[in-house]
Amino acid sequence: MKTVIIATKNKGKAKEFESLFSAKGYEVKTLLDVPDAPDVEETGTTFEENAILKAEAIAHQLGHFVIADDSGLIVDALDGRPGVYSARYAGESKSDEANTKKVLQELEGVPEAERTARFYCALALASPNQETITVSGTMEGLITEQPSGTNGFGYDPVFFVKEQGKTNAELTKEEKNQISHRAHALKALDEKLGQFLKREEGM
Ligand SMILES: O=c1[nH]c(=O)c2ncn([C@@H]3O[C@H](COP(=O)(O)OP(=O)(O)OP(=O)(O)O)[C@@H](O)[C@H]3O)c2[nH]1
Ligand SMILES: [Mg+2]
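Residues numbered from 1 in each chain as written. Chains lettered and ligands numbered in written order. Predicted model: local features only at pLDDT ≥ 70, side-chain atom pairs only at ≥ 80, totals over all residues. Heavy atoms only, no water.

Per an unreviewed UniProt entry, the chain goes by dITP/XTP pyrophosphatase and derives from Peribacillus butanolivorans. Of the chain, the UniProt comment under Subunit (unreviewed entry) reads exactly: "Homodimer." (UniProt positions renumbered as here; feature names shortened; annotations may be inferred.)

Below, the structure is given as C-alpha cells:
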C-alpha cells in the first residue's frame, strides 16, 4: 500500500486524513507515529506560510515528502479571529473546549445574522527533492450560541452548517469529509499529487 506522511500532531486532523486517504488507497502516517518529531514553530502570518513551514521542516527532517495542514476558524464579527491562532486561542495548552468558550464569550449578544464564519485549510506538499506545492479549501457556516454534537474536533460543536441544518459535530465523519475545508483542499491537491509523485519517483 502507498503511504503518505501528514506532518501533524493533531489527532482530529489525523483521523480525517486517514479516512480521506484510505478512500484513495493510501495508508496515512502522522507525527503521532514518529517519536521525537520536532515541534515546528508556527511563526507565519497566514495559513499558507505556516503549512509551508511545517511541511518543509518535516520533509527535510525525515528525508521524505510530506503534507502539512494549517487550518483555522475565521469569524467575521471578530475581525477574522481566531485565524492562524485557532489552536492556541485561549492559551498554549491548546484546549478545544477553552478555545470554543472564548469565541462564544466574545460573540455574546451578537445576532445570528452577524455570526458568519468560515473554516480555512491550507495544505503544503513538500519534499527534499522538489518545490513545495500549496492548495487551500474553505467551508462556510455560522457560530451557534451553544455547543452541540460530539463528533469532529476543535470548534466543530459551535460551527453550524446551514445546508445540513447541523453543527459540524453533529455530522457523521463521512458527511463532514464530503464538505469540509480539509476535503476541498485535498481535492485541489489531488489534481497535483499524481504529477508530484511521478517527479518524486523519477529522482
Ligand atoms: O472545529 C474544527 N474543525 C476543523 O475541521 C478544524 N480544522 C482546524 N480547526 C481549528 O484550527 C486549529 C488548527 O491549528 P493548526 O493548523 O496549527 O493545527 P494544530 O496545532 O492543532 O496541529 P498541527 O497540525 O499544527 O500539529 C485546530 O486546532 C482547531 O482549533 C478546526 N476546528
Ligand atoms: Mg499547530
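(A) Molecular detail of the pairing of strand β4 (residues 116-127). In terms of burial, β4 is largely enclosed, as 11 of its 12 residues are buried. Note that strand β3 (residues 66-75) and β4 share 10 bridges and pair antiparallel. Each residue of the ladder has a partner; that of L73, found in β4, is F119. With 11 bridges joining them, β4 and strand β5 (residues 130-143) adopt antiparallel strand pairing. Looking at β5, one finds that C121 is bridged to G137. In this antiparallel pair of consecutive strands, β4 and β5, the connection spans two residues. (Buried < 20%, exposed > 50% of the residue type's maximum accessible area, 1.4 Å probe, protein only. Helix = DSSP H or I, 4+ residues; strand = E, 2+ residues; numbered from the N terminus. Pairing = 2+ DSSP bridges.)

(B) Layout of the nonpolar core. F21, L123, L125 and L189 are the most contacted members of the largest nonpolar core, which totals 21 residues. The set of elements that each furnish at least two residues to this core consists of β1 (2-6), α1 (11-22), β2 (26-30), β4, β5 and α5 (181-201). Considering each element in turn, this core owes the most residues, seven residues, to α5. The residues touching L189, leaving out its near neighbours within four places in the chain, are I67, L123, L125, I133 and V135. (Core = buried A, V, L, I, M, F, W, Y, C linked by side-chain atoms within 4.5 Å. Contact = heavy atoms within 4.5 Å.)

(C) Looking closely at the site of ligand 1. Around ligand 1, the surrounding shell holds 21 residues, and the nearest of these are T8, F153, Y155, D156 and K176. At 2.6 Å from an oxygen atom of ligand 1 is found a main-chain nitrogen or oxygen belonging to D156. The separation between an oxygen atom of ligand 1 and a polar side-chain atom of K176 is 2.8 Å. Within the complex, the protein chains bury 95% of what would otherwise be the 620 Å² of accessible surface of ligand 1. When contributions to the shell around ligand 1 are tallied by element, the ones reaching two or more residues are β3 and α5. Per-element accounting of the shell around ligand 1 gives the leading share, four residues, to β3. By residue class, the composition of the shell around ligand 1 is four nonpolar, seven polar and 10 charged. (Near = heavy atom within 4 Å. Polar contact = N/O pair within 3.5 Å; in protein donor to acceptor, adjacent residues only side chain to side chain. Areas by Shrake-Rupley, 256 points an atom, 1.4 Å probe, with all protein chains shown as cover. Nonpolar A, V, L, I, M, F, W, Y, C, P; charged D, E, K, R; others polar.)

(D) Representation of the side chain of N99 within the structure. Along the chain, N99 falls in helix α3 (residues 96-106). The exposure class of N99 is buried, given its relative accessible area of 2%. Excluding residues that lie within four positions of it along the chain, N99 makes contacts with S86, A87, R88, Y89, A90, K94 and Y155.

(E) Quick look at the confidence of the model for the chain. Mean pLDDT for the chain: 96, with 100% of residues reaching 70 or above. Interface confidence for the predicted complex, given as ipTM, is 0.98, next to a pTM of 0.97. (pLDDT = per-residue confidence, 0-100.)

(F) Quick look at the packing of aromatic side chains. Within this structure, the stated rule accounts for five aromatic pairs. Relative to F196, the ring of F65 lies with its centre 6.0 Å away and its plane at 70 degrees, an arrangement referred to as edge-to-face. In this pair, F65 is assigned in the loop between α2 (47-62) and β3 and F196 in helix α5, connecting sequence segments 131 residues apart. As far as the burial class goes, F65 and F196 line up, both buried. Pairwise contacts between aromatic rings join F17, F21 and Y26 into one cluster. (Phe/Tyr/Trp six-rings, centres within 6.5 Å; stacked < 30°, edge-to-face > 60°.)

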